[in-house]
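# Fold and contact review
The chain contents come next:
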Amino acid sequence: MKAVPPATSLRRAPVQRRSAERLTRILDACADLLDEVGYDALSTRAVAQRASVPIGSVYRFFGNKRQMVDALAQRNLERYTVRVTERLRQAGGDGGWRTAMDVVLDEYLEMKRTAPGFSLVDFGNQIPVGARHAEPNHRVADRLTELLSGYLDREPDDDLRRVFLVAVETADTLVHLAFRVAPEGDRRIIDEAREMLRAYLARTLD
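In this text the structure is predicted, and so the values were computed from the model without any measurement.

## Details of the packing of aromatic side chains
- Using the criterion set out here, one finds 5 aromatic pairs in the structure.
- Measuring from ring centre to ring centre gives 5.1 Å for tyrosine 80 and phenylalanine 123, while their planes differ by 50°; the resulting arrangement is tilted. Here tyrosine 80 is found in helix H4 (residues 65–91), whereas its partner phenylalanine 123 is found in the loop between helix H6 (118–121) and helix H7 (135–152), with 43 residues between them in sequence. Considered together, tyrosine 80 and phenylalanine 123 belong to a single accessibility category, that of buried residues.
- Across the ring face of phenylalanine 179, the terminal group of lysine 112 is positioned such that the distance to the ring centre comes to 5.7 Å.

## Observations regarding helix H2 (residues 44–51)
- Turning to H2, its buried residues number three or more, namely Thr44, Val47, Ala48 and Ala51. The arc that holds the buried residues of H2, viewed along the axis, is 100°, so those residues lie on one side. Turned more than 90 degrees away from the buried face of H2, the exposed residues are Arg45 and Gln49.
- The inward-facing, buried residues of H2 contact helix H1 (17–37), helix H3 (55–61) and H4.

## So, unusual backbone geometry
- One non-glycine residue, serine 52, lies in positive phi territory at about 60°.
- Within the secondary structure, serine 52 sits in the loop between H2 and H3.
- Even without a glycine there, the phi angle at aspartate 122 is positive, about 35°.
- Counting through the fold element by element, aspartate 122 comes out in the loop between H6 and H7.
- A relative accessible area of 1% places aspartate 122 in the buried class.

## Topic: the nonpolar core
- Ranked by internal contacts, the top residues of the largest apolar core, which has 37 residues, are Tyr80, Trp97, Phe123, Leu144, Leu148 and Leu201.
- When residues of this core are traced back to their parent elements, those giving at least two are H4, helix H5 (96–114), H7, helix H8 (158–181) and helix H9 (187–205).
- If near-sequence neighbours (up to four positions away) are discounted, leucine 144 is found in contact with Tyr80, Val104, Ser149, Phe164 and Val168.
- Ala29, Ala31, Val53 and Val58 belong to the second largest nonpolar core, which has 24 residues in total.

## Things to note about empty space enclosed by the protein
- Inspection of every chain in the model, using the stated rule, returns 1 cavity of 30 Å³ or more.
- As for the largest cavity, its lining consists of 24 residues, and the residues nearest its centre are Tyr80, Val104, Leu144, Val168 and Ala171.
- Those elements that place two or more of their residues in the lining of the largest cavity are H5, H7, H8 and H9.

## Digging into the side chain of arginine 75
- Counting through the fold element by element, arginine 75 comes out in helix H4.
- In contact with arginine 75, other than residues within four places in its own chain, are Thr24, Leu27 and Asp28.

Reading the values: the criteria
Residues numbered from 1 in each chain as written. Predicted model: local features only at pLDDT ≥ 70, side-chain atom pairs only at ≥ 80, totals over all residues. Heavy atoms only, no water. Phe/Tyr/Trp six-rings, centres within 6.5 Å; stacked < 30°, edge-to-face > 60°. Helix = DSSP H or I, 4+ residues; strand = E, 2+ residues; numbered from the N terminus. Buried < 20%, exposed > 50% of the residue type's maximum accessible area, 1.4 Å probe, protein only. Lys NZ or Arg CZ within 6 Å of the ring centre and 35° of its normal. Arc of directions from axis to C-beta. Contact = heavy atoms within 4.5 Å. Core = buried A, V, L, I, M, F, W, Y, C linked by side-chain atoms within 4.5 Å. 1 Å grid on protein atoms, 1.4 Å probe; cavity = no way out; pocket = protein on both sides within 12 Å on 5 of 7 lines; lining within 4 Å. Points joined across faces, edges and corners; volume = space filled by probe spheres on them.

Shape descriptors only; they carry no functional weight alone.
Written out as structure tokens, the structure is:
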């Protein structure tokens, strides 16, 4: 199974610290406005105003709002990976793959509930709203394969990547269902999703 390359939405990567800080403000403003007005009403001008930067600064990094949202999704994935890595480090090797699965799911749920803009963007598969593209979930599965193979002492081969891809697709669908049913995620649906993932992963990881 071929790995999906990382998304590259920036027209120009920041070099200086000041430029990097400006990019951070732009993405923070984009995330906040997504929660407030949604994707359709989002504009590069509104983001520039919220971030207190010239409109030219936005266009220095992004050609349009879709590229900006793609970059936000990529940042979400990077932050998610850092959070999962830290939680796994704290857990040590205790609990094996079940602990790892709980960390992966719980951190996703936490970002879903608290990260600005995440409810619309997450890792890039919902903009425009309702779009269901394969690449973002492939990218998440690839990242989890790299991250968890060492923790689980497993070879990061195509078989493991396929197992994680199926798990990611399943979790993605059921978590979105849970948040359509209840604003904070329906607990019963989340519990069902957790049990389904455990039963599926046990076939390969036990």
